[in-house]
Amino acid sequence: MFDTTTIREVKQLLLQPRDIVLVSHKNPDGDTIGAALGLMHYLRQLGHRVEALVPNEFPSFYRWLPGSDQLLIFDQKAKEVKEKLNNASLVFCVDFNSMDRTGNMASFLQEAPGIKIVIDHHLQPSDEFQHYFSVVETSSTGELVYSFIEAMDHLQYLNKEIALALYTAIMTDTGSFSFACNQGRTYEIVARLIDLGVDPTLVHRLVYDTFTESRLRLLGHSISNKMRVWNELHAAAIYLDKKDLSDFSYQVGDTEGVVNYPLSMEQINLSILLTEKNSLIRMSFRSKGGFDCNLFARKHYNGGGHKNAAGGNTALPMDQALQHLEETLSQYKNELGYKIGFE
Ligand code: 5GP
Ligand code: MN
């Protein structure tokens, strides 16, 4: 799965105690947080001084994860984060393929003097790293961290804290085992994590059954009032402006999952969520079946991701962004018009 020379070289690097930082991507999700925390608990047992750095605030429904209170958030503690980056001899980049995915932290990460190791499952990793544990055909970076620990011959260091972090990463990145998990290995790893003490029902509740009333009402509003369906294009979009967000007391994480709902319509193969941020509109793409969101987001919206899940942005105002999206999608009418079923 991993390159044997890379394994040997990184094993060597981990032989002496080091200052290590782990870096997550911007707008952190369960995979980048869970994978970083799993790695943190593992590397600390080897005697390293480890800090996990996150560009901006992460959703509150991950705060129950052991060690999440120790995550250093660049937006809140820039000076400390820069210091840690400068002092680290090893920098693990977790769940992203290019340093610009760390937002305002990117330039400091690029200049950090340590050896950069990437653990990630996104397509087309950039050439900014020294060592690659990059596997696209994997459910999640959480699963890759498990494989990394295995490759280091250190499965004996697995414990409940690591298991909770990695299980959360895998569960969230596969939509609770509904996509990107068509390999038996994912379930074998999950079985071991459960044996280490993970209660899947409890983890599911802690992540998904934590809505505030206003978050649930924002979801209702999004579907009832802010969804456009292009039946002939097999696509639908939900568009939320700043007023929608403030009317429903938006908190980080409140729009997580909203983009999936339009895909529950039988004929809809692509869903887009547009959210107005400070100067840009952030876009999330989700498809079911063959439509490639990564290519679409890269080509038209300055983004990327995976085949069935990607992100991007546009500088257009909302009404023009929707218009532009409709025109762009019209070029893909044939690609989008398939029927989901057995081949
Ligand atoms: P989400 O819509 O949940 O923010 O992101 C979906 C997927 O696309 C994630 O795997 C995320 O890492 C990736 N992604 C989101 N935004 C961007 C972006 O601006 N650029 C790239 N390259 N990938 C993105
Ligand atoms: Mn991921």
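Read on for a plain summary of the structure.

**Focus on the site of ligand 1**
Near ligand 1 you find Arg101, His122, Arg282, Ser284, Arg286, Gly303, Gly304, Gly305, His306, Ala309, Ala310 and Gly311, and these make up its full shell. One of the side-chain nitrogen or oxygen atoms of Arg286 is found 2.8 Å away from an oxygen atom of ligand 1. Here Gly304 contributes a backbone N or O atom positioned 3.0 Å from a nitrogen atom of ligand 1. Contributing elements (two or more residues each) for the shell around ligand 1: strand E10 (281-287), strand E11 (304-305) and strand E12 (309-314). Class assignment for the residues of the shell around ligand 1 results in two nonpolar, seven polar and three charged.

**With respect to the sheet that holds E10**
Within the open sheet, the six strands sit side by side as E7-E8-E9-E10-E12-E11. Their pairing is mixed. Sheet topology places strand E7 (227-230) and E11 at the edges, where each strand pairs with a single neighbour. Pairing geometry for E7 and strand E8 (residues 235-240), over four bridges, is antiparallel. Within the sheet, the bridge partner assigned to Trp230 lies in E8 and is Ala235.

**A word on the state of the cysteines**
Taken as a whole and assessed by the stated rule, the structure comprises zero disulfides. Its sulfur unpaired, Cys181 is 17 Å from the next cysteine sulfur, which belongs to Cys293.

**Here's the deal with the coordination of the manganese ion (ligand 2)**
Looking at the manganese ion (ligand 2), the protein donor atoms are Asp31 (OD), Asp95 (OD), His121 (NE2) and Asp173 (OD), and they sit 2.1 to 2.4 Å from it. Mapped onto the sequence, the donors of the manganese ion (ligand 2) take the spacing D-x63-D-x25-H-x51-D. Within this pair, whereas His121 is found in the loop between strand E5 (115-120) and strand E6 (131-134), its partner Asp173 is found in helix H6 (residues 160-173), the two being separated by 52 residues in sequence. With relative accessibility at 3%, the residue His121 sits in the buried group. Residue classification places Asp173 among the buried positions, given a relative accessible area of 15%.

The rules behind the values
- One numbering rule holds for all chains: residues counted from 1, following each sequence as written.
- Going through the entries in the order they are written, you letter the chains from A and number the ligands from 1.
- Residues qualify for local features only when their pLDDT is at least 70, as the model is predicted, and side-chain atom pairs are given and counted only at 80 or more; totals for whole chains, interfaces and linings, by contrast, use all residues.
- Each side-chain value is derived from all of the structure's non-hydrogen atoms; neither hydrogens nor water enter the calculation.
- Proximity criterion: a residue is near a molecule or strand once any of its heavy atoms comes within 4 Å of it.
- Here a polar contact is taken to be a pair of N or O atoms separated by no more than 3.5 Å, where protein atoms must pair a possible hydrogen donor with a possible acceptor and residues adjacent in sequence count only if both atoms sit in side chains.
- Only runs of H or I of at least four residues qualify as helices and only runs of E of at least two qualify as strands under DSSP, and these elements are numbered from the N terminus.
- Throughout, the ten residues Ala, Val, Leu, Ile, Met, Phe, Trp, Tyr, Cys and Pro are labelled nonpolar, Asp, Glu, Lys and Arg are labelled charged, and all others, Gly among them, are labelled polar.
- A pair of strands is treated as paired once DSSP finds two or more bridges between them.
- Two cysteine sulfur atoms form a disulfide, by the criterion used here, when they sit within 2.5 Å.
- Coordination shells were defined by N, O and S atoms within 2.8 Å of each metal, extended to 3.2 Å for Na, K and Ca; water is absent from the atom set, which can make sites look incomplete.
- Any residue under 20% of the maximum accessible area for its type is buried, any over 50% is exposed, and the rest in between are partly exposed; the area is computed with a 1.4 Å probe on protein chains only.

Nothing here speaks to function; it is all geometry.
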